[in-house]
Every structure is written in structure tokens, then in C-alpha cells.
Amino acid sequence: MLDINQEQHSNMSTDKVADTEQCKKTILYLHGFLSSNQSAKAVETINYVKEHHSDIDIIAPLLPSRPDEVVKLLNVLLKQYRTSLIGFIGSSLGGYFATWCAAQTSKPAVLINPAVKPYALLDDYMGWHQNPYTKDEFEVTADFKQKIKSLEVESVAELKILALLQTKDETLDYKEAEAKFAANELEVIEGGNHAFEHYSDYLPQIIKFLNSSTC
């Protein structure tokens, strides 16, 4: 027979488990062009959150190479995690996708050296490519560029966005992102590179920005 104290303890334990499940939060990490969910920043993010934020899951999907497939996947993920999703982290082209996700959901996003108009840069990438991580082969065409352009968010002033930019980005002109996100939270760091030097030092700030909701 279960005595009152045991029953109370059992109920408290059940309630605690229920509360933990209810409070579980999800952040989507979106990698960049010709990258993968095994990139250094993705792995650093996952490991940091596992160590310091047990109430948060980092979902880092392997994004398809083709933009129409990216949209399909993102729509599935936004639906799947709609009750636990608290925000997005996006690097480079992933920052462009994260901005689109933020506009779709009204959730916050942290952008790491984000691409602002990636479709304009693709003229230099026309033709066939192979993702160095996945070995997937794909062709950048005019249609590919147009599908990327269709995801552009023209007005970002009302979105909750933190953009982290490094001035020595050798791939993207940081001034484009500085202008695009001037009305949002913006941090311009002198030096660095496109991969974003010392990324791990910014993870506490990044997670704090996204983890503003309470259970």
C-alpha cells in the first residue's frame, strides 16, 4: 500500500517530469552555403547548449542544396516544433533563411555574418558544385537564384533580430548587413573572418537573446 508521503512524492515527481517536458525549448540552427550541420559553429552550439542549458534542444538540420527543398524542410520543422520553438541561429546563407523563419513565426533570430542578398552573389557560382561535407552535387541556375530571392524579407524592423558581424569577412560585405539590420540589435566586431572568429565566446549572449520566454 502506498502511504500519503509516498503518494505525495510520487505526484510531485510526476508533476516535475510534466513541467520539464512542458518547459522544453527548441532552437533551430541553420548552416550556410556549401556547409553542413557538422560545421564547427553548429557543433560548438550543440555542445554549449547541452552543457549549460538542459531545458533547450538545438535542432541542426542538414539543409538540402536546392532552395525549394530547403523551404519544404523548414516548413516541416516549423510545424513540428511550433509549440517549443523559441528562435533561430543562422550563419551566412543560414542567416538569410533564419530571417525568413523569423518573419514566418515572429520568433527571434541571431544572425552570424548573414548573407543579405545571396541571390546577387550567385552569379559567381553559376554551374555545378559539390558540397564538401555531403558530396551532394547540384547546379546553380537562374531558377535557383530566383527561388533564393523569393525568400527575401524586405522589412525586418519589426522582427526581433540580433546580427553579429565581423568587419574582415572575406566572403560578404558586412556593411550590407549593417545597413539591412540597422533598426535591429546589431553588433559590429572589428576584424574576424567569414567563419566568425571566437564564435564560442558569443554563445552565452546568443542563447540569452533567444531564451527570453518562460514556462
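Look above for the structure.
Described below are features of the structure shown in this document. (Residues numbered from 1 in each chain as written. Predicted model: local features only at pLDDT ≥ 70, side-chain atom pairs only at ≥ 80, totals over all residues. Heavy atoms only, no water.)

### Regarding the packing of aromatic side chains
Phase 1 of the analysis: Tallying each qualifying case throughout the model produces 5 aromatic pairs.
Phase 2 of the analysis: With a centroid separation of 5.9 Å and an interplanar angle of 80 degrees, the aromatic rings of Phe33 and Phe138 are classed as edge-to-face. A residue pair is termed long-range when its members are at least 10 positions apart, and Phe33 in the loop between strand E1 (25-30) and helix H2 (40-52) and Phe138 in strand E6 (residues 137-140) qualify at 105 residues.
Phase 3 of the analysis: Here Phe33 falls in the partly exposed class, since its relative accessible area comes to 24%.
Phase 4 of the analysis: Exposure remark for Phe138: the relative accessible area of 1% places this residue in the buried category.
Phase 5 of the analysis: Grouped by ring-pair contacts, the aromatic residues Phe33, Tyr125, Phe138 and Phe144 constitute a single cluster.
Phase 6 of the analysis: In this structure, Lys149 packs its charged tip against the face of Tyr119, placed 5.2 Å from the ring centre. (Phe/Tyr/Trp six-rings, centres within 6.5 Å; stacked < 30°, edge-to-face > 60°. Helix = DSSP H or I, 4+ residues; strand = E, 2+ residues; numbered from the N terminus. Buried < 20%, exposed > 50% of the residue type's maximum accessible area, 1.4 Å probe, protein only. Lys NZ or Arg CZ within 6 Å of the ring centre and 35° of its normal.)

### Side note on the sheet that holds strand E2 (residues 56-59)
Phase 1 of the analysis: Read from one edge to the other, the open sheet built from 6 strands follows the order E2-E1-E3-E4-E7-E8, with strand pairing classed as parallel. A strand with exactly one partner marks an edge of an open sheet, and here the two such strands are E2 and strand E8 (185-189). On average, each strand axis in the sheet is inclined to that of its neighbour by 15 degrees, with strand direction left out of account.
Phase 2 of the analysis: Bridge count for E1 against E2 is 4 bridges, and the pairing is parallel. Paired with Ile27 across the two strands is Ile58, which belongs to E2.
Phase 3 of the analysis: The strands touched by helix H4 (residues 93-105) are E1, strand E3 (85-91), strand E4 (109-112) and strand E7 (161-166); relative to E3, the strand with the most contacts, the crossing angle is about 155 degrees. (Pairing = 2+ DSSP bridges. Axes fitted to C-alpha atoms, helices over the stretch in contact; angles between N-to-C directions. Contact = heavy atoms within 4.5 Å.)

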